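Structural overview
If you want the building blocks of each chain, they are given just below.
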Amino acid sequence: MQVIYNVIQQLVSQAVTAKLIEEEDMIYARNQVLALLGLEAYSETDEEFEEKEIPDLLDILVEYACKNNIIEDYFDSKEILSSKIMNCFVARPSTINRNFYELYEQNPKQATDYFYELSRNSNYIQTKRIQKNIVYQVATEYGDLDITINLSKPEKDPKQIEKEKTVESIGYPTCLLCAENEGYAGRLGHPARSNHRVIRVELEGEEWMLQYSPYLYYREHCILLSGQHRNMVINRNTFTNLLKFVERFPHYFIGSNADLPIVGGSILSHDHYQGGRYEFPMARAASEETFRINKFSNVECSTIKWPMSVIRLRSNEIQSLVDTSDYILQKWKGYSDPFVGIYAFSENTPHNTITPIVRMRGELYEMDLVLRNNRTSEQHPLGIFHPHADVHHIKRENIGLIEVMGLAVLPARLKDELKEVGKFLLDERHSIAEYHQEWAKQLKAKYKDQHNEQNVERILREEVGAKFKKALEDASVYKRDKDGKQAFNRFIETL
């Protein structure tokens with residue numbers, strides 16, 4: 001029992017060090033944790049105890065709760081208790097919002113630094129799990145692309161999967177992004193959010209909510225979600241909101257997934273944006289062809305050297321960028337070019353939309369408009385402008401906002417599967433998944449007598465990067481060949 005007391009003692013001390021609570025709060029916070037663990041007493045000790053980080057201390061407490069039948073031993077139950085424990089150290093939303101905006105008055109970056117560190121220290125951001133991700137870069141003709149194999153989200157255990165079969169939906173919170181998630185304890189099939197907090201942000205008279213992603217894909221990966229549960233939409237208001245956000249937080253970029261299936265993100269049922277303090281590969285892409293739109297002479301326009309079809313706009317005037325972006329969106333939504341397979345509609349079903357991204361460039365606002373089309377065909381049932389079948393063994397999922405900008409989020413299965421491909425290249429005993437076999441044979445022929453134990457990992461990383469590059473090129477509405485460039489110019493001429 002004394003070991004658990006030591007763990008609680010250290011957790012409370014760590015919370016003080018992390019500035020989650022003050023020293024005056026220590027007894028109160030400790031008693032809250034004791035109650036969650038079914039403990040009615042506590043005694044301090046001078047015994048030396050190995051110093052651990054907050055996530056590791058939580059793991060010990062959760063394991064204790066399972067062994068002593070305080071909670072059931074399955075993933076969601078453990079997450080709920082862990083979140084409840086950390087909630088003992090997190091201030092109420094009103095206090096956090098007040099602190100945030102007091103700091104904002106001094107400097108917007110100080111405000112986000114405060115909220116980001118709070119989200120990390122409270123274990124809402126899963127720092128320990130994120131460290132498991134495989135992250136590297138691959139050089140291409142478009143610049144370095146970012147590759148991640150996402151190992152941070154734990155797989156559900158069989159016990160939980162079986163339990164979920166009996167769970168009925170209760171419709172609260174309405175979805176994973178809704179405001180009602182703030183402080184929600186969680187339940188089987190719905191993530192624990194006791195230690196979750198959001199910052200209220202007003203944009204154009206509407207309430208939006210700023211939070212960080214629990215499983216960061218990049219530095220300070222934040223989500224700005226509508227206070228109302230409504231479908232994703234790309235329209236004039238979207239452009240205004242994105243630009244107004246970076247006006248208020250100029251050290252962050254922000255963008256929106258497209259609003260149609262296949263080319264949109266995973267959650268189209270709740271209007272939201274994603275941002276952060278990170279420079280994506282696409283942001284570093286050079287301009288290729290520059291042009292002006294007569295109606296908007298104070299906006300610089302260009303295409304960029306990127307595998308997808310992007311129009312980049314720059315101006316020091318927000319309204320001019322909103323007007324120009326909306327003009328391009330409306331033109332694109334009704335535009336067809338049969339020569340390159342672009343059709344705006346199938347009967348009354350729309351296919352054209354845009355993925356917009358905004359950032360600051362000194363005193364200028366920069367808007368990237370990525371042209372998207374979600375049409376399918378018999379040859380490409382998952383999408384004509386979607387990763388094609390030859391890359392599905394690496395990347396089958398949608399090319400959403402994050403991938404568009406040059407960061408691959410690849411499935412965890414690849415960690416072990418690529419090891420087997422490596423064994424094949426080294427003529428060792430292997431067990432290659434069937435969908436990798438043709439690719440593995442191609443690699444063996446390509447690198448004949450060039451691969452060894454020292455370079456096989458490098459080869460595989462580079463070739464996975466090449467597959468991601470191909471996935472982006474597949475998703476481009478205008479290919480980077482002669483016909484594609486001419487077709488892109490035809491659209492630009494209509495502007």
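Before reading on, note that the structure itself is shown above.
Predicted model only: the values in this text are computed from it and were never measured.

Some details on the overall build of the protein
Along its length, the protein carries 15 helices and 15 strands. In terms of overall size, the protein behaves like a compact globule, its C-alpha atoms giving a radius of gyration of 25 Å where 495 residues would be expected to give roughly 23 Å. When its C-alpha atoms are laid out on the principal axes, the protein stretches across 75 × 65 × 45 Å. Per-residue burial over the protein gives 53% buried out of 495 residues. Nonlocal contacts in the protein, meaning residues at least 24 apart in sequence, comprise 64% of its contacts between residues at least 6 apart. When the accessible surface of the protein is summed, it comes to about 23400 Å², and 46% of that surface belongs to carbon and sulfur atoms. Averaging the coordinates of the 61 positive side-chain charges in the protein and doing the same for the 74 negative ones gives two points 4 Å apart.

Structural notes on the side chain of Asn150
As for its position among the elements, Asn150 is in the loop between strand 2 (143-149) and helix 8 (158-164). The buried category is assigned to Asn150, whose relative accessible area is 14%. Side-chain polar atoms of Asn150 contact the side chain of Ser152, separated by 2.7 Å. What Asn150 contacts, discounting residues up to four positions off in sequence, is Asn133, Tyr217, Val409, Leu410 and Ala412.

Observations regarding the packing of helix 3 (residues 54-67) against helix 4 (residues 75-87)
It is at 10 Å that the axes of helix 3 and helix 4 come closest, and there the two elements cross at 125°. The orientation of helix 3 with respect to helix 4, classified from their angle, is oblique. Between helix 3 and helix 4 lies a crossing whose hand is right-handed. On the side of helix 3, the interface is formed by Ile54, Leu58, Leu61, Val62, Ala65 and Cys66, while helix 4 contributes Lys78, Leu81, Ser82, Ile85 and Met86. Along the lines of polarity and charge, the residues of the contact of helix 3 with helix 4 split into 9 nonpolar, 1 polar and 1 charged.

Cut-off values and rules
Residues numbered from 1 in each chain as written. Predicted model: local features only at pLDDT ≥ 70, side-chain atom pairs only at ≥ 80, totals over all residues. Heavy atoms only, no water. Helix = DSSP H or I, 4+ residues; strand = E, 2+ residues; numbered from the N terminus. Rg over C-alpha atoms; globule rule 2.2 N^0.38 Å. Buried < 20%, exposed > 50% of the residue type's maximum accessible area, 1.4 Å probe, protein only. Contact = heavy atoms within 4.5 Å. Areas by Shrake-Rupley, 256 points an atom, 1.4 Å probe, with all protein chains shown as cover. Lys, Arg positive; Asp, Glu negative; His and termini not counted. Charge placed at Lys NZ, Arg CZ, Asp CG, Glu CD. Polar contact = N/O pair within 3.5 Å; in protein donor to acceptor, adjacent residues only side chain to side chain. Axes fitted to C-alpha atoms, helices over the stretch in contact; angles between N-to-C directions. Parallel < 35°, antiparallel > 145°, perpendicular 65-115°, else oblique. Left-handed = near helix turned anticlockwise from the far one by under 90°. Nonpolar A, V, L, I, M, F, W, Y, C, P; charged D, E, K, R; others polar.

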